[in-house]
Amino acid sequence: MKQIALRAAEIARQLKERTEVRPKIGVVLGSGWGGAVDALAERSVISYESLEGMPQCSVVGHAGNFVFGKADGVDVVAVQGRFHLYEGHTTETAVLPVRILSELGVETLILTNAAGGINTKYRPGDLMLLSDHINMTGMNPLVGVRPSSAYPIFVDMTDIYDPTLRNIVEKRCKESGICCHEGVYMQVLGPSYETPTEIRAFRTMGADAVGMSTVIEAISARYLKMRLVGISCISNMASGITGEKLTHTDVLREMDKLQRKICELFKSIYKDIAVLA
Ligand code: HPA
């Protein structure tokens, strides 16, 4: 297997040959976050299938496309399709889309996900801006990466989620009437959902929401010097909180309800971020 940096560069080269769009803003879409793509005009879709060296997606709700488009004249690239650790992918593959975005010139990255609410003040349909994270996967995408003076591997994780970007999203959520909390996201390995006892333990550790993505990508994005914001949609209350059983179909159904609001929200966020850049 080729080194991850080389693989990412080769795939980015193929993408650049097929689109003139040179985005500085990238968004990785979690389960049910299609609204962030609906916010884009003049879209061109490039499927993973059509790219040599790109792995394929297997999870329902993850299409497997790069979508290039414009929001109010601002170039954006969206990644529809994650590679999860629970599918058996390595951390290298899990961060491949982030590496590709970096190679494309993306400087600001929006990571989205669906998450189970651990904080009992949260409700399904609320958003949570990541203030920080806990990595419970036992893995790290920087293991084995050769350090260089430009890219050291002992990466600082203070304020990994950019406070200015967080303020922007918070303000826009308020204007759109979207309930948005700030909290700590924990990534677990999955694919089984957590037990009620695990959720109680995670709450004690300081987690407000739990999911199976994002943290590994955030670490890689920080290493690559990208400016980051993370947004969870609380698709369900975590195990044991309501007594209801958890299914992936329920998670997707809850996310479906929000698409119109997410689309409006992202139109304004893209514009605000472009002004910052
Ligand atoms: N646990 C883990 N991952 C999730 C959940 C959950 O409750 N909901 C959506 N993704």
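Just above, that's the structure.
Visitor: Residues and numbers for the nonpolar core, please.
Guide: In terms of nonpolar packing, the biggest core is built from 44 residues, with Leu15, Met54, Phe66, Ile100, Leu101 and Leu109 touching the most fellow members. Those elements that place two or more of their residues in this core are helix H1 (4-18), strand E3 (65-71), strand E4 (74-80), helix H4 (96-104), strand E5 (108-117), strand E6 (127-135), helix H7 (215-223) and strand E9 (227-237). Apart from the residues lying within four places of it in its own chain, the contact partners of Phe66 are Leu15, Ser44, Val45, Ile46, Tyr48, Leu51, Met54, Val77, Ala78, Val79, Ile100 and Leu101. By size, the runner-up hydrophobic cluster in this structure holds 36 residues, among which are Val37, Ala78, Val229 and Ile273.

Visitor: Describe in detail unusual backbone geometry, supporting the description with residues and values.
Guide: Backbone torsion omega between Gly190 and Pro191 reads 0°, so that peptide bond is classified as cis. On the secondary structure map, Pro191 appears in the loop between strand E7 (180-187) and helix H6 (196-205). Backbone geometry at Lys225 places phi at a positive 70°, although glycine is not the residue there. As for its placement among the helices and strands, Lys225 is situated in the loop between H7 and E9. For Lys225, a relative accessible area of 54% corresponds to the exposed category.

Visitor: Explain the packing of helix H5 (residues 163-176) against helix H9 (residues 259-276) to me, and be specific about the residues and the numbers.
Guide: The interhelical angle for the contact between H5 and H9, taken along N-to-C directions, is 145°, at an axis separation of 10 Å. With respect to the hand of their crossing, H5 and H9 are arranged in right-handed fashion. Each of Thr164, Leu165, Ile168, Val169, Arg172, Cys173 and Ser176 in H5 lies in contact with H9, whose residues at this interface are Leu265, Ser268, Ile269, Asp272, Ile273 and Leu276. Tallied by class, the residues present in the contact of H5 with H9 amount to 8 nonpolar, 3 polar and 2 charged.

Visitor: Requested: an account of the site of the ligand, with residues and values cited.
Guide: The ligand sits among Ala114, Ala115, Gly116, Tyr193, Glu194, Val210, Gly211, Met212, Ser235, Asn236 and Leu246. Here a nitrogen atom of the ligand sits 3.4 Å away from a polar atom, N or O, in the main chain of Ala114. A distance of 2.8 Å is found between a nitrogen atom of the ligand and a side-chain nitrogen or oxygen belonging to Glu194. Protein coverage of the free-state accessible area of the ligand, which is 260 Å², stands at 95%. Those elements that provide at least two residues to the shell around the ligand are E5, strand E8 (209-211) and E9. For the shell around the ligand, the leading source of residues is E5, giving 3 residues. Of the residues assigned to the shell around the ligand, the class counts are 6 nonpolar, 4 polar and 1 charged.

Basis of the calculations
Residues numbered from 1 in each chain as written. Predicted model: local features only at pLDDT ≥ 70, side-chain atom pairs only at ≥ 80, totals over all residues. Heavy atoms only, no water. Core = buried A, V, L, I, M, F, W, Y, C linked by side-chain atoms within 4.5 Å. Buried < 20%, exposed > 50% of the residue type's maximum accessible area, 1.4 Å probe, protein only. Helix = DSSP H or I, 4+ residues; strand = E, 2+ residues; numbered from the N terminus. Contact = heavy atoms within 4.5 Å. Axes fitted to C-alpha atoms, helices over the stretch in contact; angles between N-to-C directions. Left-handed = near helix turned anticlockwise from the far one by under 90°. Nonpolar A, V, L, I, M, F, W, Y, C, P; charged D, E, K, R; others polar. Near = heavy atom within 4 Å. Polar contact = N/O pair within 3.5 Å; in protein donor to acceptor, adjacent residues only side chain to side chain. Areas by Shrake-Rupley, 256 points an atom, 1.4 Å probe, with all protein chains shown as cover.

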